[in-house]
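Below, each chain spelled out in residue letters.
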Amino acid sequence: MQNDRLRARLLEYHQRRNYHRLQEQLNRALGDAASQVQIQVRAPAPCAAEQQPAPSMTVYPEHYSQMHELTEFALRALSADLWRIHIDEWHPHFFLRTEVLIEHLDALLNEFERLLVYRPEAHTYDLVLDKSEYSPILRGGAILSQDSDNADYQITLRGNRLVRQGCDCCARIFLRDYGWDIAASASPFGRAATLMAGLRKGLCTTQVSLLYVEDTGLITKYLSGIADLLKYRLKREVAWEYNLLIDHPTKQWLRASFHSAHDSGGAIWRVESVGSDFLGACGDAFWQIMYDSREIIRIIS
């Protein structure tokens, strides 16, 4: 109890010290709109009861316009006029109206890289917005188009309703931008195990992504790596049928399907995965082919 109180006082001290620094950062990011921001020193209360983690869905958009679209959709879906933004525990919170946050989203991400977004009196966040710069790999599909902005965007939606609605929004983006109707994707185990059913639950068991590869042979290497990892984790072989991996006892599965050719000479493949073991193996195996491939867009829930 005493340690909690001391920690809360220490956090409040650091927040007060960082108050003016935060003002300067907001001035850079928002310009004239910074005058509308309210900054609040608000250290956590000692011994506050932790909230149960809500279902969540994380999306890695291909470019900023998709990130902006998903963020605006989520803010509108939650129907709040004001948002409490949290950088980290060492900085005060600040409050932004929906329109200011949407209009200056990229500038805020450039300045802070990561934003936790709360409704004003909520104890848990609704969104995590993230942008990290990366150094393009000068091979394969690292740079997929001339207008690539050399940044990895990430948005996490949290809560049952937002995950369900966010899933529908992402499905529309996939269909519009890539011609992939993920809602129509069949499962080897019937409707209850479809991709959309898994994504709507937000239980960290489902992933869909588009993957660029230079050589189709890399897909075989990718699936082989996943099968080896699953054999180690599950202590048994999984069924491998062409580009489909299935574990019948647990009804987990992964499928890679050719989607389209790409202008640079490679191809784009769809990767669908259901099941926590398959999800982990899918990510681990990707590092074996990452220098000749790149994920274009990905959803995990």
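Thresholds applied
Residues numbered from 1 in each chain as written. Predicted model: local features only at pLDDT ≥ 70, side-chain atom pairs only at ≥ 80, totals over all residues. Heavy atoms only, no water. Salt bridge = Lys/Arg side-chain N within 4 Å of Asp/Glu carboxyl O. Helix = DSSP H or I, 4+ residues; strand = E, 2+ residues; numbered from the N terminus. Buried < 20%, exposed > 50% of the residue type's maximum accessible area, 1.4 Å probe, protein only. Pairing = 2+ DSSP bridges. Expected span 1.5 Å × (residues − 1).

1. What to know about the pattern of salt bridges
Where charged atoms of side chains with opposite charge meet at close range, the side chains can pair.
Next, step 1: For the structure shown, the criterion picks out 15 salt bridges.
Next, step 2: Put simply, Arg176 and Glu69 hold a salt bridge, and the shortest N to O gap is 2.9 Å. Within this pair, whereas Arg176 is found in helix α6 (residues 160–178), its partner Glu69 is found in helix α3 (residues 64–78), the two being separated by 107 residues in sequence.
Next, step 3: Residue classification places Arg176 among the partly exposed residues on the basis of a relative accessible area of 48%.
Next, step 4: Of the residues examined, Glu69 reaches a relative accessible area of 26% and is grouped as partly exposed.
Next, step 5: Through salt bridges with shared partners, a single network forms among Glu69, Arg176 and Asp177.

2. Here's the deal with the pairing of strand β3 (residues 82–86)
Next, step 1: Extensive coverage of β3 is indicated by the burial of four of its five residues.
Next, step 2: As judged from the four bridges shared by β3 and strand β4 (residues 93–97), these two strands associate in the antiparallel manner. The residue of β4 that forms the bridge with Arg84 is Phe95.
Next, step 3: Once β3 ends, the chain turns through six residues before running back antiparallel as β4.

3. Concerning α6
Next, step 1: For α6, spanning 19 residues, the distance from its first C-alpha to its last is 26 Å, which sits close to the expected 27 Å at 1.5 Å a residue.
Next, step 2: Directly after α6, the chain includes Gly179, whose backbone phi takes a positive value near 70°.

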